[in-house]
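# Notes for the structure review
One-letter residues, chain by chain:
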Amino acid sequence: MRTIEAKEITALVRELCMKANYVLPESIRQSYVDGEQNEKSPLGKTIFGKMIENCDIACKNSVPICQDCGMAIVFVEVGQDVHITGGLLEDAVNEGVRQGYVDGYLRLSVVRDPLLDRSNTNDNTPAILYTRVVAGDEIHVTVEPKGFGSENMSALKMFTPAAKPEDIIDFVVEACDKAGSNPCPPIVIGVGLGGTADKACYLAKRALMRPVGQFNENPGYAEMEKKIIERVNALGIGPQGLGGTVTALMCAIDTYPTHIAGLPCAVNIGCHVTRHAEGKI
């Protein structure tokens, strides 16, 4: 049994909150370079150039890539041979988020109640925390800041088992079409299929972290992902919604077994700065 102190988790979460907001995943940045080459609209090409410049300045100067530093979505995988001492895991994660957002001068966007008391918590806590117990004696943490221009464009549909791949594709493309310029395209499209309604939404959000260009291992789902990208790009929404041929950078479908009577499908859209950072203890 390995002992890990809660303060170590806090320190890692603090670091990842800042890193995720300052440093864009390399596959996302490369998709800007590819997008600039593939975009047919002169204005769209210019926008891609500015996106590349922006992410490079953010990385070099340790400043946020986007003014919406998001709500902190934190995924923690705890090895079953780990014993955490000195505090609770959830408290350690929230303290790390508090330190990361305050010390990193990141925008504080969380309100303490969704409806009746929308006063700011002033430290971007609480985080949205997902935990899994896995094999081993390590703790793996991923921080995924989620801005709400894109989060507000989420969609969920409970299909029947009679649904075909084309029905799923149509639903995803329709969700992206309705989203328009709101999620700050070009976008990353996460799709969750299976489980229950909440599980599908979880899958869709996790799918956003798959590297651009890495398609599903199942050829059938990989083909669906490519069709979705093609059809979303054909919508003509373009970079920042100003028209063009590159609207989607990536589509990732994640799946889970489900009930014989259902087929949940969730769509979670990531903006052009679809961010995450991960680390281990």
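Above this text you will find the structure in question.
Residues numbered from 1 in each chain as written. Predicted model: local features only at pLDDT ≥ 70, side-chain atom pairs only at ≥ 80, totals over all residues. Heavy atoms only, no water.

### Digging into the packing of aromatic side chains
Evaluated as defined, the whole model comprises four aromatic pairs. Aromatic side chains Phe75 and Tyr130 sit 5.4 Å apart centroid to centroid with 20° between the ring planes, which places their arrangement in the stacked category. Highlighted residues: Phe75 in strand S2 (residues 71–79) and Tyr130 in strand S4 (residues 128–134), separated in sequence by 55 residues. The class for Phe75 is buried, based on a relative accessible area of 2%. Residue Tyr130 is classed as partly exposed on the basis of its relative accessible area, which comes to 31%. Aromatic side chains Phe159 and Phe171 sit 5.7 Å apart centroid to centroid with 80° between the ring planes, which places their arrangement in the edge-to-face category. With a gap of twelve residues between them, Phe159 in strand S6 (residues 155–159) and Phe171 in helix H6 (residues 165–179) connect regions that are remote in the sequence. The burial state of Phe159 is the same as that of Phe171; both residues are buried. A network of ring pairs unites the aromatic residues Phe75, Tyr130 and Tyr202 as a single cluster. A cation over an aromatic ring shows up here: Lys199 above the ring of Tyr256, its NZ or CZ 4.4 Å from the ring centre. (Phe/Tyr/Trp six-rings, centres within 6.5 Å; stacked < 30°, edge-to-face > 60°. Helix = DSSP H or I, 4+ residues; strand = E, 2+ residues; numbered from the N terminus. Buried < 20%, exposed > 50% of the residue type's maximum accessible area, 1.4 Å probe, protein only. Lys NZ or Arg CZ within 6 Å of the ring centre and 35° of its normal.)

### What about the pattern of salt bridges?
Where charged atoms of side chains with opposite charge meet at close range, the side chains can pair. One pass over the full model with this rule turns up 14 salt bridges. Salt-bridge contacts for Asp56 lead to Arg29; the nearest nitrogen and oxygen are separated by 2.8 Å. Placement of the pair is Asp56 in helix H3 (residues 42–61) and Arg29 in helix H2 (residues 26–38), with a sequence separation of 27 residues. What makes Asp56 partly exposed here is its relative accessible area of 32%. Note on Arg29: relative accessible area 23%, which makes it partly exposed. A salt bridge links Asp68 to Arg107; its shortest N-O distance comes to 3.4 Å. You can see Asp68 sitting in the loop between H3 and S2 and its partner Arg107 sitting in the loop between helix H4 (89–103) and S4, a full 39 residues away along the chain. Judged by relative accessible area, Asp68 falls into the buried class, the value being 13%. Residue Arg107 is classed as partly exposed on the basis of its relative accessible area of 37%. (Salt bridge = Lys/Arg side-chain N within 4 Å of Asp/Glu carboxyl O.)

### Notes on the sheet that holds S4
With mixed pairing, four strands are arranged side by side in an open sheet as S4-S2-S5-S10. Two strands close off the open sheet at either side, each with one partner strand: S4 and strand S10 (277–280). Pairwise comparison of adjacent strand axes, ignoring direction, gives a mean angle of 15° for this sheet. Bridge analysis of strand S5 (residues 139–146) against S10 gives four bridges, and the strand direction is antiparallel. When the bridges of S10 are listed, Val141 appears paired with Gly279. Across the sheet, helix H1 (residues 6–22) lies against S5 and S10, angled at about 35° from S5, the strand it touches most. Across the sheet, helix H7 (residues 197–207) is in contact with S2, S4 and S5; its angle to S2 comes to roughly 95°. (Pairing = 2+ DSSP bridges. Axes fitted to C-alpha atoms, helices over the stretch in contact; angles between N-to-C directions. Contact = heavy atoms within 4.5 Å.)

### Details of the sheet that holds strand S9 (residues 263–270)
Read across the sheet, four strands follow the order S6-S9-S7-S8 without closing on themselves; strand pairing throughout is mixed. Two strands lie at the open edges of the sheet, namely S6 and strand S8 (248–258), each paired on one side alone. Within the sheet, the average angular offset between the axes of one strand and its neighbour, ignoring direction, is 15°. As judged from the five bridges shared by S6 and S9, these two strands associate in the antiparallel manner. Following the sheet pairing, Lys157 is matched in S9 by Cys265. Across the sheet, H7 is in contact with S6, strand S7 (187–195), S8 and S9; its angle to S7 comes to roughly 145°.

### Points about the nonpolar core
Counting 28 residues, the largest nonpolar core has Ile9, Val74, Val76, Val93, Val97, Ile139 and Val141 as its most contacted members. Going through the elements one at a time, H1, S2, H4 and S5 are the ones with two or more residues in this core. In terms of residues, this core owes the most to one element, H1, which gives nine residues. Those residues in contact with Val141 that lie beyond four places of it in its chain are Leu12, Val13, Leu16, Val74, Phe75, Val76, Ala277, Glu278 and Gly279. Among the nonpolar cores identified, the runner-up in size contains 27 residues, and Val172, Ala248, Val267 and Ile269 belong to it. (Core = buried A, V, L, I, M, F, W, Y, C linked by side-chain atoms within 4.5 Å.)

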